[in-house]
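Per-entry structural report
One letter stands for each residue in the lines below.
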Amino acid sequence: IEFLAEDDHIGVGVVCKGDQNRTTRGEIFARGDLARDDAGLGVHVDVLPSSFTFNESDWSIMPACVDLKGKDLGIQDLVLSSGDQSITVDGGISKEHADTLSVRLDQFSLGIANAFLGQQFDLKGNATGEAMLISYAEMDNKGMLIDLVSEGTSVSGTDLGRVEVE
């Protein structure tokens, strides 16, 4: 981990060499600015082009912006991609005003979850769709909308075919 700071500017680089088989490794870089005003401390982070390998799949992280100020989180165009699959995060979430955070999956391999769930689930399929987390102006009121389709879905060897979540 490399961390640099000067005045109100920060830089972070994380390099993980991973395991001996090189199935998991990566490099993630970001730079940012700190600012304080009447609303409190704020952090603006520019995610720089980065890459990582997880379960032998190479992923790219495209440039993006992340802003954190008080009870507000904003993410602008955070895209992780590997071949034909991608995850895109865009929007914001807040405890103080209305906002929407969108997570879009394109041909996302559900098999990635097996690394966390265990191979007994043998989860397969490719998901495409969007989930939106909605913040309303009322502090504790949140909502979620999901429109997701998984093709070629199976769990523990049981074929489920096309699965739709709305």
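Residues numbered from 1 in each chain as written. Predicted model: local features only at pLDDT ≥ 70, side-chain atom pairs only at ≥ 80, totals over all residues. Heavy atoms only, no water.

**Quick notes on the overall build of the protein chain**
A count of helices and strands for the protein chain gives one helix and 13 strands. Along the protein chain, from the amino end to the carboxyl end, the secondary structure elements read β-β-β-β-β-β-β-β-β-β-α-β-β-β. Dimensions of the protein chain, computed from C-alpha atoms along their principal axes, come out at roughly 55 × 45 × 25 Å. Counting across all 166 residues of the protein chain, residues that qualify as buried make up 27%. For the protein chain, long-range pairs separated by at least 24 residues make up 31% of all intrachain contacts whose partners lie at least 6 apart in sequence. For the protein chain, the computed accessible surface area is about 10500 Å², with 55% contributed by carbon and sulfur atoms. Taking the 12 positively charged and 29 negatively charged side chains of the protein chain as two groups, their mean positions are separated by 4 Å. (Helix = DSSP H or I, 4+ residues; strand = E, 2+ residues; numbered from the N terminus. Buried < 20%, exposed > 50% of the residue type's maximum accessible area, 1.4 Å probe, protein only. Contact = heavy atoms within 4.5 Å. Areas by Shrake-Rupley, 256 points an atom, 1.4 Å probe, with all protein chains shown as cover. Lys, Arg positive; Asp, Glu negative; His and termini not counted. Charge placed at Lys NZ, Arg CZ, Asp CG, Glu CD.)

**Quick word on the environment of threonine 88**
Assignment of secondary structure puts threonine 88 in strand S9 (residues 85-94). C-alpha separation for the pair threonine 88 and isoleucine 75, spaced 13 residues apart in sequence, amounts to 10.0 Å. Threonine 88 has contacts with Leu78, Val79, Ser102, Val103 and Arg104, leaving out every residue within four places of it along the chain.

**A closer look at the pattern of salt bridges**
Enumeration over the complete set of coordinates arrives at six salt bridges. For aspartate 37, the salt bridge identified is with lysine 69, shortest N-O distance 2.4 Å. With aspartate 37 in strand S3 (residues 25-37) and lysine 69 in strand S7 (residues 64-69), this pair connects stretches of sequence that are 32 residues apart. Taking relative accessible area as the criterion, lysine 69 reaches 32% and is therefore assigned partly exposed. Between aspartate 106 and arginine 104 there is a salt bridge whose closest N-O contact spans 3.3 Å. Residue classification places aspartate 106 among the partly exposed residues on the basis of a relative accessible area of 24%. A network of salt bridges, in which partner residues are shared, links Glu151, Arg162 and Glu164. (Salt bridge = Lys/Arg side-chain N within 4 Å of Asp/Glu carboxyl O.)

**Here's the deal with the packing of aromatic side chains**
The relative placement of two aromatic rings is captured by the distance of their centres and the angle of their planes. A complete count under the given rule lists three aromatic pairs for this structure. When the ring of tryptophan 59 is compared with that of phenylalanine 108, the centres are 6.3 Å apart and the planes differ by 55°; the resulting orientation is tilted. Taken together, the positions of tryptophan 59 in strand S6 (residues 57-61) and phenylalanine 108 in strand S10 (residues 99-109) put the pair 49 residues apart, joining distant regions of the chain. We classify tryptophan 59 as buried; its relative accessible area is 4%. By the ring-pair criterion, three or more aromatic residues cluster together here, those being Phe52, Trp59 and Phe108. (Phe/Tyr/Trp six-rings, centres within 6.5 Å; stacked < 30°, edge-to-face > 60°.)

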